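Analysis of the macromolecular model
The chain contents come next:
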Amino acid sequence: MKVKRSVGGMVFDVFKYVSLISATIVALIPIVVCVLAAFKTNDEYEASSVLDLPHSFGYLENFKIALEQANMLRCFMNTMIVLVVVLTVSVFTGSMLAYALNRFKFVGHGLIESLFLFASLLPGIAMQVTIYEIMQNLGFINHLYGYMVVLMGTDIISIYIFLQFFENLPTSLDESAIIDGCTYFGVFFRILFPLLKPAIMTSLVLKGVSVYNEYYSSNLYLQLPELKTISTALYTFTGPYGNQYNYICAGVLITIIPILIFFLVFQKQVYSGMASGAVKG
């Protein structure tokens, strides 16, 4: 016998779906506007509204201009160099730090964990004056390696992701390896680190998206045209006399494609990494 649903349950379902559809529309409108503007000529963009369809979706001149005038290929290369170095260092430092905090108990252990949490609460913008002075004194401004050092600060979220994974790994693995003559470094690199693959992929995606989209520090510390990253390249088409939004939108689509492909390829690892790290075995 089927139980009739209450009026309150039906109202809740209607509200739920209306909310989801509304949120989807709000999220998609900027993307739709950007796609439409990317295929419009200058005259067409000025004479039409943002939601008007372009005369032809085969008009690719905006993408060519965005690539050439903003020197986006060089910016992509700079960004890839920064990504590879920063992500490699961040993963190793974050996982090793989580290993030390999870497997060893020492004086000040709780204080260190609290300090990391406290550091995550401090607004980054409030510390930029001090950081800029340090960077200037060290001669790190207008150098990619200086910019990398700023971004290499281990992400707090990544540390806690690794900590949760270590909670799921039994200490018997460490003890068995040590009995067989393995050192602590051997335990980490030979036994535990290969088991952190889901956490590593989650950390890579979260940190990678943050570094890829990072604008403030890139604009502050990399002021030479040949050192621009992909996040600052699009400001080539902004100026005191107006902004060329059709070129900007074309450049935005170019910058979105790589990160979108990367996320679609590794989304299973990201979701499984977050789910596994959230449940203690």
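Okay, so let's go over this structure. (Residues numbered from 1 in each chain as written. Predicted model: local features only at pLDDT ≥ 70, side-chain atom pairs only at ≥ 80, totals over all residues. Heavy atoms only, no water.)

**Remarks on the overall build of the protein**
Looking only at helices and strands, the protein features 14 helices and zero strands. Tracing the protein from N to C terminus, the helices and strands come up as α-α-α-α-α-α-α-α-α-α-α-α-α-α. Taken over C-alpha atoms, the radius of gyration comes to 24 Å for the protein, far larger than the 19 Å a tight globule of 281 residues would show. C-alpha extents for the protein along the principal axes are approximately 75 × 75 × 35 Å. Taking all 281 residues of the protein together, the buried fraction comes to 34%. Looking at the protein as shown, the accessible area adds up to about 17,000 Å², and 70% of this sits on carbon and sulfur atoms. The averaged location of the 16 negative side-chain charges in the protein is 13 Å from the averaged location of its 15 positive side-chain charges. (Helix = DSSP H or I, 4+ residues; strand = E, 2+ residues; numbered from the N terminus. Rg over C-alpha atoms; globule rule 2.2 N^0.38 Å. Buried < 20%, exposed > 50% of the residue type's maximum accessible area, 1.4 Å probe, protein only. Areas by Shrake-Rupley, 256 points an atom, 1.4 Å probe, with all protein chains shown as cover. Lys, Arg positive; Asp, Glu negative; His and termini not counted. Charge placed at Lys NZ, Arg CZ, Asp CG, Glu CD.)

**Considerations on unusual backbone geometry**
Excluding glycine, a negative phi dihedral is what most residues carry, and trans is how most peptide bonds are arranged. A positive phi angle is found at Asn 71, which is not glycine, with a value near 50°. Mapped onto the fold, Asn 71 is located in the loop between helix H3 (61–69) and helix H4 (72–103). Exposure remark for Asn 71: the relative accessible area of 38% places this residue in the partly exposed category. The backbone of Asn 142 shows a phi angle near 65°, a positive value even though the residue is not glycine. Positionally, Asn 142 belongs in the loop between helix H6 (128–138) and helix H7 (144–151).

**Some remarks on a nonpolar patch on the surface**
There is a patch of nonpolar side chains on the surface, built from Tyr 17, Leu 20, Ile 21, Ile 25 and Ile 29 and spanning about 510 Å² of accessible area. Within the element layout of this structure, Tyr 17 appears in helix H1 (residues 7–38). (Patch = residues over 30% accessible without salt bridge, like charges linked within 9 Å, V, L, I, M, F, W, Y side chains within 5 Å. Salt bridge = Lys/Arg side-chain N within 4 Å of Asp/Glu carboxyl O.)

**Remarks on the nonpolar core**
If you look at the biggest cluster of nonpolar residues, it comprises 33 residues, and the most contacted ones within it are Ala 38, Phe 63, Met 72, Val 82 and Phe 237. Taken together, the elements giving at least two residues each to this core come down to H1, H3, H4, H7, helix H11 (197–213), helix H13 (230–233) and helix H14 (245–278). Per-element tally for this core: the top contributor is H4, with seven residues. The residues touching Ala 38, leaving out its near neighbours within four places in the chain, are Tyr 59, Asn 62, Phe 63, Asn 246, Cys 249, Ala 250 and Leu 253. (Core = buried A, V, L, I, M, F, W, Y, C linked by side-chain atoms within 4.5 Å. Contact = heavy atoms within 4.5 Å.)

**Thoughts on the pattern of salt bridges**
In the structure shown here, the tally under the stated rule is two salt bridges. For the salt bridge of Asp 13 with Lys 16, the shortest nitrogen-to-oxygen distance reads 3.8 Å. Of the two residues, Asp 13 and Lys 16 both sit in helix H1, three residues apart, roughly one turn of that helix. Asp 13 gets classed as buried once you look at its relative accessible area, which sits at 17%. The residue Asp 174 makes a salt bridge to Arg 103 at a minimum N-O spacing of 3.0 Å. Here Asp 174, found in helix H9 (residues 172–179), pairs with Arg 103, found in helix H4; they are 71 residues apart in sequence, far enough to count as distant. When its relative accessible area of 17% is taken as the criterion, Arg 103 is described as buried.

By themselves, these observations are geometric and do not establish any function.
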